[in-house]
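Structure at a glance
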Amino acid sequence: MDKEWSEKNKKMQTLIAKEATFSEGINLLLELRGNLFEQISSIIKTFPPVAFYQLPFGHGDKNHNSTLAWSLWHLFRIEDIVAHTLILNNRQILFESNWLEKINSPIITTGNELDGEAMVEFSKKLNVKALYDYCKAVMDSTNELLKSLRFSDLKRKFSVEDKERLIAGKCVSDSDSASWLIDFWCGKNVKGLIQMPFSRHWIMHVEAMRRIKNKVKRLAFHRAKSASCRKGISYKSSLKYALITRKTEE
C-alpha cells in the first residue's frame, strides 16, 4: 500500500475516533479522497478508451486482475450503494440524471460477479467519459455526506430492515462472489464504513489501477516498437495500433 496514502488513512482513523479531533479527521479523509481521485483523473486524461478494457494481468482474484473500466465501476457502485441505499436510505446517484443510459452499462450491480472475458466484454460496453463523470458525481455526493456526519453518528449500526432494503434493490448480485457484501456492510457501523468503502477501498483499487495502467503502457510500448519496425509506420501511430490490437489473455 502506498506509504503516504496509508499513513494518511491511519491518521484519519485515529482522529475520527475522538470527538475533539473528529472534524480534523473528516477533513483529512476528504483530502485523501481528493488525492486518490487525482490519480483516477490522470489515468482518464492519459489513456485512450481502448486501454480501459484491457486485462493485462489476466484472470485471478487480486484487485489488479481487472480492467480499468471495471475498477472504476466497481469502486463507485459500491460507494453509491453504501452511501445512498444503506446510510441515507435515498435514491442512488446512478438512477439520477440518466447515468445508467449515459454510461451504457448492462448491469446495476457492483460487478463482483464478473471476471475474465465477461469483465472485458462488460468494460468494452462502457462509455468511459460518462463513467468518469458518474464517479465524480458519486464522490461529491459522498463528500457531502461525510461533511454532515457528527461524532455520535459513528456508532450507528444497521438493522434487518436495512439489509432487506439492500437485497430488494438488486444492486448486489446473488452470486457467491458478491452476495457476501451485504452482510459485510451491515456488520459494520458508520465508522467501519468510513474505512471500507470510503477510504481503504479507494486505496486498494486506485493502487490496482496504477498497476494495470503501468502494465498496459509497458505492453503497448513493446508492441508499438515491434509494429513500428515491421510496418514502417510512425511510433505514435504504432502505439495506437498496439493498444487496439493487443490481446487480453496475458
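Note: the structure precedes this text.
My aim in this report is to walk through the structure given alongside it, one point at a time. (Residues numbered from 1 in each chain as written. Predicted model: local features only at pLDDT ≥ 70, side-chain atom pairs only at ≥ 80, totals over all residues. Heavy atoms only, no water.)

Residue position: Thr-110 is located in the loop between helix H4 (99–103) and helix H5 (116–125). Under the relative-accessibility criterion, Thr-110 is labelled buried at 0%. Of the polar contacts made by the side chain of Thr-110, one reaches the side chain of Asn-112; its length is 2.5 Å. Discounting chain neighbours no more than four positions away, the residues touching Thr-110 are Trp-70, Trp-73, His-74, Arg-77, Ile-78, Ile-81, Cys-171, Val-172, Leu-181 and Trp-185. (Helix = DSSP H or I, 4+ residues; strand = E, 2+ residues; numbered from the N terminus. Buried < 20%, exposed > 50% of the residue type's maximum accessible area, 1.4 Å probe, protein only. Polar contact = N/O pair within 3.5 Å; in protein donor to acceptor, adjacent residues only side chain to side chain. Contact = heavy atoms within 4.5 Å.)

With that settled, consider the packing of helix H3 (residues 68–88) against helix H6 (residues 128–148). Interaxial distance between H3 and H6 falls to 10 Å at its minimum, and their mutual angle equals 35°. Classified by chirality, the crossing of H6 by H3 is left-handed. Taken together, the residues of H6 that come into contact with H3 (itself represented by Ala-69, Leu-72, Trp-73, Phe-76, Arg-77, Glu-79, Asp-80, Ala-83, His-84, Ile-87 and Leu-88) are Leu-131, Tyr-134, Cys-135, Val-138, Met-139, Ser-141, Thr-142 and Leu-145. Among the residues forming the contact of H3 with H6, the class breakdown is 13 nonpolar, three polar and three charged. (Axes fitted to C-alpha atoms, helices over the stretch in contact; angles between N-to-C directions. Left-handed = near helix turned anticlockwise from the far one by under 90°. Nonpolar A, V, L, I, M, F, W, Y, C, P; charged D, E, K, R; others polar.)

The subject of this paragraph is the environment of Val-206. Tracing the sequence through the fold places Val-206 in helix H10 (residues 200–231). When its relative accessible area of 1% is taken as the criterion, Val-206 is described as buried. C-alpha separation for the pair Val-206 and Ile-40, spaced 166 residues apart in sequence, amounts to 7.1 Å. In this structure, Val-206 is in contact with Trp-5, Leu-36, Gln-39 and Ile-40, ignoring residues within four places of it in sequence.

For the rest of this paragraph, the subject is the nonpolar core. Membership of the largest hydrophobic core comes to 42 residues, with the highest contact counts inside it found for Ile-40, Phe-52, Leu-72, Phe-76, Ile-103 and Tyr-134. Going through the elements one at a time, helix H2 (22–46), H3, H4, H5, H6 and H10 are the ones with two or more residues in this core. Looking at this core, the element that brings in the most residues is H6, giving eight residues. Setting aside residues no more than four positions away along its own chain, Phe-76 makes contact with Phe-37, Ile-40, Tyr-134, Cys-135, Val-138, Met-139 and Trp-202. Formed by 31 residues, the second largest nonpolar core is a distinct cluster that contains Ile-87, Leu-145, Leu-146 and Val-190. (Core = buried A, V, L, I, M, F, W, Y, C linked by side-chain atoms within 4.5 Å.)

This paragraph deals with the packing of H3 against helix H7 (residues 160–169). Two elements in contact, H3 and H7, have axes separated by 9 Å at closest approach and are oriented at 125°. Considering the angle they form, H3 stands oblique to H7. As H3 runs across H7, the sense of the crossing is right-handed. For the pair H3 and H7, the contacting residues are Ile-81, Thr-85 and Leu-86 in the first and Asp-162, Arg-165 and Leu-166 in the second. (Parallel < 35°, antiparallel > 145°, perpendicular 65-115°, else oblique.)

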